[in-house]
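# Understanding the architecture of this molecule
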Amino acid sequence: MKTSVCLSLLFLLTACQPDSAAVDTAAPTARKPSYFESDKRQAATPVKTQTPALSAIRSRADFDLLSRVYEQDSEYEIPHVLFLIDREDNNRTDYINTPKYRLHENYLAEILKPMPTRKELLEQYRSPNRRFLFGTISWQNSTQEYVYEFWEGDKITPELLKLAEGRLKDSFFAPLRYKTNSLWQETVAAQSKVPFVTQESLIQNFPYLPLHRGKAVGTLRVITQEDDLYDVGADDIIILKEVPLVLPPVAGIISEKPSTALSHVNVLARGWGIPNIYLKDAEKILAPYIGRRIELAADAKQYRIAQTNRNTAAKTFSDGLSLPQPDTTDYNLRPLANLRREDSRYCGSKAANLGHIRAHIAGSNVPDGFCIPFAYYRAMMDKLGINAATLAQIETQSGGDNRKRRTALLALQKKITDAEIPSEWKRTWAEQWLSQLNSKGVFVRSSSNSEDLPNFSGAGLYTTVPNVTGENALAEAVKQSWASVFNYSAYEARRIAGLPHDSVKMSVFVQQSINTDLSGVLVTVNPYDTAQKNTSYIAAKRGLGIRVVEGKRVAEQAVYNRRNDAVQRLSSSNETTALQLDENGGIREVPITGGNVMNHDQIRRLDQAGQQIKQLFGNGEQDIEWAFAGGKLVILQARPYLNGGR
């Protein structure tokens, strides 16, 4: 018999609704209730009274009488009432009939003649001498309290905030806390000594977050350690107890540990188009389904699980995917200054995109480097006899056993890393390194023909070796990058996609090492709410950015709205150490103190750079790795942002 469960944010059993199109909502990031960003298909909250406003709310009944409700009858339910304070009328406070007047300005048009101009209305959010304060009071299910808040673009002052705090407490029946919606408002609240709650603290109480929505059928399995991943296949839905560094293709992901939207695992899941959710205590909640075939559906507000006997057809993530054909005949090393987008046929998109940015965006700062083209990789594979026939033997000999396949791949990688690099090659690379980069430390980065593509990300599949010093170490690092073509996760991704294993070729980008104060990833759209306009999403940590994309620990996350120059912090980074370059090569951990990673100016500069890069690459959304070093913004990578494609 088919059983099902429909679970909402607080895991209360609710009636399962018919499947419907996914809706972007503010709920997963605790954003301010907004008519403009609500789902216009929701049924309008009925008008319960014709009274335009009340001067006080003395009971829950008063609040319900005036409130509008988004996400009705769900654990994301947001009952809220607009309020207005008129400073020119003895600080009169009006609690507005919100179902009747959807915006503050609609209410003003009823009570004020003449109606303020658009410019005058905007001043009510920005001027310290404004006449009106426009705000919202809402009930927060996650913390079981009433909060009052202002639009994230509101440049409220300490004096205005204290006024609002006093007027609301005098006229509202229940305790209220101020909820900040931007870094500006957090700073003002701290200066005013007004108790407040942040978006970040509310989000931490959410037990469910959809990192990528979708549906899947598969066998539910628990992964307690990375070694368990070698026992899963593309027909499994997995519960991750920890966020792994690599992941083979699966049917769906349920993680017990929160991570950033741009960790490698989350980028891969989005690229494969599979459901991927954070669910607190997932193993405990889903215990009856472990080891069974299930259907998983994840949407913006809840997830649904149903036991099933359905089998799925052979899984494929290819959908006609084909890789660019590289030029494997040209051995010329190419300095970054000479690289353009079209040079991806020699050096892959990672290196070519960086050269294109440096050449076409004035003032852009990209660490210098040079490309070791595909020709060297092809020549080494030919020398070692690694070809289509060799690779076909791996499948034959493994007999479909993942662990045998992995053992064979490790042996193949050892064959590559043990190989001797021709002395002429080593000398050519070292001479370029000396003449261009003064033989200073370098990152040896993969730049294959299956990374940073418009239809395939390849994030986290291949190997980069950090801060390499010395001629012999450079040769060894290049071999590691070549051998990473046969990393287990990369091999599995190709196998499931139906791509020939010999279709992937690896070039190497040798790039100057720099010590960074902070690093991270910028996306030119909000991945949690792609319908939200004029926004960028940023994840950051102190030091080198390796840990940001690993996803082992949550980074500081923020959303920037360029229309109103507002920053909304989603999470903080609580790490006590950062990664820095070691003067003897490699990297080391150093202790750090707490506090915010990014400031407002840095976030604004990042957004501006993101918009320039987006425009350069045809206005497609971009996924950009960046750093700040000595106050300078540095661009380290740019690739198309994939949202449910690949």
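Heads up: these notes are all about the structure in this document.

The rules behind the values
- Residues numbered from 1 in each chain as written.
- Predicted model: local features only at pLDDT ≥ 70, side-chain atom pairs only at ≥ 80, totals over all residues.
- Heavy atoms only, no water.
- Axes fitted to C-alpha atoms, helices over the stretch in contact; angles between N-to-C directions.
- Helix = DSSP H or I, 4+ residues; strand = E, 2+ residues; numbered from the N terminus.
- Parallel < 35°, antiparallel > 145°, perpendicular 65-115°, else oblique.
- Left-handed = near helix turned anticlockwise from the far one by under 90°.
- Contact = heavy atoms within 4.5 Å.
- Pairing = 2+ DSSP bridges.
- Nonpolar A, V, L, I, M, F, W, Y, C, P; charged D, E, K, R; others polar.
- Buried < 20%, exposed > 50% of the residue type's maximum accessible area, 1.4 Å probe, protein only.
- Disulfide = S-S within 2.5 Å.
- Lys, Arg positive; Asp, Glu negative; His and termini not counted.
- Salt bridge = Lys/Arg side-chain N within 4 Å of Asp/Glu carboxyl O.
- Polar contact = N/O pair within 3.5 Å; in protein donor to acceptor, adjacent residues only side chain to side chain.

## Some points on the packing of helix H10 (residues 374-384) against helix H13 (residues 423-437)
For the pair H10 and H13, the least separation of the axes is 13 Å and the interaxial angle reads 160°. For the element pair H10 / H13, the angle class is roughly antiparallel. Classified by chirality, the crossing of H13 by H10 is left-handed. In this structure, H10 contributes Tyr-376, Ala-379 and Met-380 to the contact, and H13 contributes Trp-425, Thr-428 and Trp-429.

## Observations regarding the sheet that holds strand S25 (residues 566-571)
Strand order across the open sheet formed by 6 strands is S25-S24-S23-S22-S28-S29, with antiparallel pairing between neighbours. Here the strands that pair on one side only, and so sit at the sheet edges, are S25 and strand S29 (632-640). Taken pair by pair, the neighbouring strands of this sheet meet at an average axis angle of 25°, ignoring direction. Here strand S24 (residues 556-561) runs beside S25; their pairing, made up of 5 bridges, is antiparallel. Bridge pairing in S25 places Gln-557 opposite Ser-571. The sheet strands contacting helix H17 (residues 600-616) are strand S22 (518-523), strand S23 (535-542), S24, S25, strand S28 (622-629) and S29, and the helix crosses S28 at an angle near 135°.

## Description of the packing of helix H12 (residues 402-417) against helix H14 (residues 471-483)
Packing of H12 against H14 leaves a shortest axis separation of 9 Å and a crossing angle of 150°. Taken together, H12 and H14 sit at an angle that is classed as roughly antiparallel. Of the two possible hands of crossing, H12 and H14 adopt the one that is right-handed. Counted together, Gln-413, Ile-416 and Thr-417 of H12 and Glu-476, Lys-479, Gln-480, Trp-482 and Ala-483 of H14 form the full contact between these two elements. When grouped by side-chain class, the residues that make up the contact of H12 with H14 number 3 nonpolar, 3 polar and 2 charged.

## A short note on helix H15 (residues 488-497)
H15 sits mainly inside the fold: 9 of its 10 residues count as buried. Residues of H15 that are buried include every one of Tyr-488, Ser-489, Ala-490, Tyr-491, Glu-492, Ala-493, Arg-494, Ile-496 and Ala-497, and no others. The elements touched by buried residues of H15 are helix H11 (388-398) and H12. After H15 finishes, the residue Gly-498 shows a positive phi value of roughly 75°.

## As for the state of the cysteines
When the sulfur atoms of two cysteines share a covalent bond, that bond is a disulfide. Tallied over the entire structure, the rule returns 1 disulfide. The partner cysteine of Cys-347 in its disulfide is Cys-371, sulfur to sulfur 2.1 Å. Across the S-S bond linking Cys-347 and Cys-371, the dihedral sits near -100°, which makes this disulfide left-handed. With Cys-347 in helix H9 (residues 344-360) and Cys-371 in strand S18 (residues 369-372), the pair connects residues that are 24 residues apart, well separated along the chain. Neither Cys-347 nor Cys-371 differs from the other in exposure class; each is buried.

## Things to note about the environment of Ser-398
As for its placement among the helices and strands, Ser-398 is situated in helix H11. Overall, Ser-398 belongs to the buried group, its relative accessible area being 4%. Along the chain, Ser-398 and Ala-408 lie 10 residues apart, while their C-alpha atoms are 7.8 Å from each other. If we ignore the near neighbours within four places in the chain, the residues touching Ser-398 are Lys-404 and Arg-405.

## With respect to the side chain of Lys-155
As for its placement among the helices and strands, Lys-155 is situated in the loop between strand S7 (145-149) and helix H4 (158-171). Put simply, Lys-155 is tucked away with no salt bridge, and the nearest opposite charge, on Asp-565, sits 4.3 Å away. Among the polar contacts made by the side chain of Lys-155, one reaches the main-chain carbonyl oxygen of Asp-565 at a distance of 3.4 Å. If sequence neighbours within four positions are ignored, Lys-155 has contacts with Tyr-125, Arg-126, Arg-130, Trp-184, Asn-564 and Asp-565.

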